[in-house]
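Breakdown of the fold
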Amino acid sequence: MRLQVHGPNGTPGEPGLYGMTARILVVVDDPKLSVPLQYLLELNGFDIMLAHDGHQAVEILPSFKPDIVLLDTQAADMAAYETCQCLKALPGGSCLKVV
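To start, this report covers the structure provided alongside it. (Residues numbered from 1 in each chain as written. Predicted model: local features only at pLDDT ≥ 70, side-chain atom pairs only at ≥ 80, totals over all residues. Heavy atoms only, no water.)

Notes on the packing of helix 2 (residues 54-64) against helix 3 (residues 80-89)
Our working rule: Axis lines are fitted to C-alpha atoms, over the contacting stretch for helices. Their N-to-C directions set the angle, which ranges from 0 to 180 degrees. Secondary structure elements follow DSSP: runs of H or I no shorter than four residues count as helices, runs of E no shorter than two count as strands, and numbering proceeds from the N terminus. Angle categories: roughly parallel below 35 degrees, roughly antiparallel above 145, roughly perpendicular from 65 to 115, and oblique for all the rest. In this scheme the handedness of a crossing depends on how the near helix is turned from the far one: anticlockwise by less than a right angle means left-handed, clockwise means right-handed. Note on contacts: a residue pair qualifies if any of its non-hydrogen atoms lie within 4.5 Å across the two residues. Amino acids outside the nonpolar list (Ala, Val, Leu, Ile, Met, Phe, Trp, Tyr, Cys, Pro) and the charged list (Asp, Glu, Lys, Arg) are all regarded as polar, and Gly is one of them.
In contact at an axis separation of 10 Å, helix 2 and helix 3 are set at 15° when each is read in the N-to-C sense. One finds that helix 2 runs roughly parallel with respect to helix 3. Handedness of the helix 2/helix 3 crossing: right-handed. Across the interface between the two elements, Gly 54, Ala 57, Val 58 and Leu 61 of helix 2 pack against Thr 83, Cys 86 and Leu 87 of helix 3. Among the residues forming the contact of helix 2 with helix 3, the class breakdown is 5 nonpolar, 2 polar and no charged.

Following this line, the structure appears as structure tokens:
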């Protein structure tokens, strides 16, 4: 899978230019899963931000501006579908890729 990367101000960019990498918002409430996942993704050059629940993901998304969101379907606080709807309803969220 090829991700379109964005520069620091959220504008589209090219991989490798000025250190730009794909940004991934990982929404996982279990540290046993989130910590190793964060490590592996960062090891492969991705810029990662962790959210420990759906509410935190909604708060983080506008400032982090991820290229993709990895959403745990078993998160305890909000159903994954509800979290996805909230993320997509935010400004700029309509084009958001959620896995």
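Moving on from the coordinates now.
Let's talk about a nonpolar patch on the surface
Spelled out, the test is: Patch membership requires more than 30% relative accessible area and the absence of a salt bridge. Residues of like charge join within 9 Å; the nonpolar side chains Val, Leu, Ile, Met, Phe, Trp and Tyr join within 5 Å. All accessible areas in this document rest on Shrake-Rupley with a 1.4 Å probe, and a residue is counted as covered only by the protein chains that are shown. The working definition used for a salt bridge is a side-chain nitrogen of Lys or Arg within 4 Å of a carboxyl oxygen of Asp or Glu. Burial classes follow relative accessibility: with a 1.4 Å probe on protein chains only, a residue under 20% of its type's maximum area counts as buried, one over 50% as exposed, and anything between as partly exposed.
A cluster of nonpolar residues, Tyr 39, Leu 40 and Leu 43, forms a patch on the protein surface that exposes about 350 Å² of accessible area. Locating Tyr 39 in the fold gives a position in helix 1 (residues 31-43). You can call Tyr 39 exposed: its relative accessible area is 54%.

Overview of helix 1
Basically, it comes down to this: Given the number of residues in a helix, its expected span is that number minus one, multiplied by 1.5 Å.
Here helix 1 spans 18 Å end to end across 13 residues, near enough to the 18 Å set by a 1.5 Å rise per residue. Just beyond helix 1, the residue with positive phi is Gly 45, at close to 90°.

Section: the nonpolar core
Defined as follows: Note on terminology: a nonpolar core comprises buried Ala, Val, Leu, Ile, Met, Phe, Trp, Tyr and Cys residues joined through side-chain atoms within 4.5 Å.
Of all hydrophobic cores here, the largest spans 13 residues; its most connected members are Leu 25, Val 27, Ala 51, Ala 57, Leu 61, Val 69 and Leu 87. Listed by contribution, the elements that provide at least two residues to this core are strand 1 (23-27), helix 2, strand 3 (68-71) and helix 3. Element by element, the count of residues in this core is highest for helix 2, at 4 residues. Other than its neighbours up to four places away in sequence, Leu 61 contacts Leu 25, Pro 66, Val 69, Leu 87, Leu 90 and Leu 96. Ranked by size, the runner-up nonpolar core spans 7 residues in total, among them Val 28, Leu 41, Ile 48 and Leu 50.

Thoughts on the environment of Lys 88
Locating Lys 88 in the fold gives a position in helix 3. A relative accessible area of 31% means that Lys 88 is categorised as partly exposed. Those residues in contact with Lys 88 that sit more than four places away from it in its chain are Gly 93, Ser 94, Leu 96 and Val 98.

A closer look at unusual backbone geometry
Of note in this structure, Lys 65 is not a glycine but carries a positive phi near 50°. With respect to the helices and strands, the residue Lys 65 is situated in the loop between helix 2 and strand 3.

Honestly, it's all geometry; don't read function into it.
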